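Residues per chain, in single letters:
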Amino acid sequence: IERKFIVKEIPDGLLEPRSFKEIRQGYLSLENEKEIRIRDKAGKYTMTIKQGKGLKRLETQIDLTQQQFDTLWPLTMGFRVEKRRYDIKFLSHILSLDVYYGELEPLMTLEVEFKSEDASREFLPPDFAEDEVTTDEEFKNGHLARFGLPAKFAAFR
């Protein structure tokens, strides 16, 4: 269970003391409500299958070796996302601030995962997390990888 927000501006001093993880992910399959993704998150390689849409989705993940990842990576050409992820402690939550680059620059999003739907509904995001896009398919990473920045992104800036 996760929620996702657009970040328009990062508060001064928020990122300076923090390190980030480089993430590159590519999609092997993007169907209506199912996606198969491979990811390199700072040298940790995984394959994830997500099914469903909205706040709560079924997710299964397996570890890959670098060799397996490198073999599959060329199959994701044209369906990729690259970003830097900063993990930020906020009250009892860990916020994942993603700063996209390449084709998706200047997009920045904030994601928060929850143990329950009740916890997700009770969450009040920080001020810099402005527009919620949890249920907006155009801001899902698979959609971004396939189609790039949504035209309506300009309205969020």
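Q: Quick question: what am I supposed to make of the overall build of the chain here?
A: Across its full length, the chain carries four helices and nine strands. Over its C-alpha trace the chain gives a radius of gyration of 15 Å, about what one expects of a compact globule, namely 15 Å for 157 residues. Taken along its principal axes, the extent of the C-alpha atoms in the chain is 40 × 35 × 30 Å. For the chain, the proportion of its 157 residues judged to be buried stands at 43%. Taking all contacts inside the chain whose residues are at least 6 apart in sequence as the whole, residues at least 24 apart take part in 56%. Here the chain has roughly 9100 Å² of accessible surface; of this, 49% comes from carbon and sulfur atoms. When the 26 basic and 29 acidic side-chain charges of the chain are each reduced to a single mean position, those positions are 3 Å apart.

Q: Can you help me understand the sheet that holds strand S3 (residues 34-41) in this one?
A: Hydrogen bonds between backbone atoms are what pair the strands of a sheet, whose relative direction is either parallel or antiparallel. Ordered by their spatial adjacency, nine strands build an open sheet running S5-S4-S3-S2-S6-S7-S8-S1-S9, and the pairing between neighbours is antiparallel. On the outer flanks of this sheet lie strand S5 (58-64) and strand S9 (129-132), each paired with one strand and no other. Strand-to-strand twist of the sheet, defined as the mean angle between neighbouring strand axes without regard to direction, takes the value 35°. As defined by bridge partners, strand S7 (residues 93-100) adjoins strand S8 (residues 108-113) across five bridges and the pair is classed as antiparallel. Within S8, the position partnered with Val-99 by the bridge is Met-108.

Rules and cut-offs
Residues numbered from 1 in each chain as written. Predicted model: local features only at pLDDT ≥ 70, side-chain atom pairs only at ≥ 80, totals over all residues. Heavy atoms only, no water. Helix = DSSP H or I, 4+ residues; strand = E, 2+ residues; numbered from the N terminus. Rg over C-alpha atoms; globule rule 2.2 N^0.38 Å. Buried < 20%, exposed > 50% of the residue type's maximum accessible area, 1.4 Å probe, protein only. Contact = heavy atoms within 4.5 Å. Areas by Shrake-Rupley, 256 points an atom, 1.4 Å probe, with all protein chains shown as cover. Lys, Arg positive; Asp, Glu negative; His and termini not counted. Charge placed at Lys NZ, Arg CZ, Asp CG, Glu CD. Pairing = 2+ DSSP bridges. Axes fitted to C-alpha atoms, helices over the stretch in contact; angles between N-to-C directions.

Treat this as a map of the structure, not an account of what it does.
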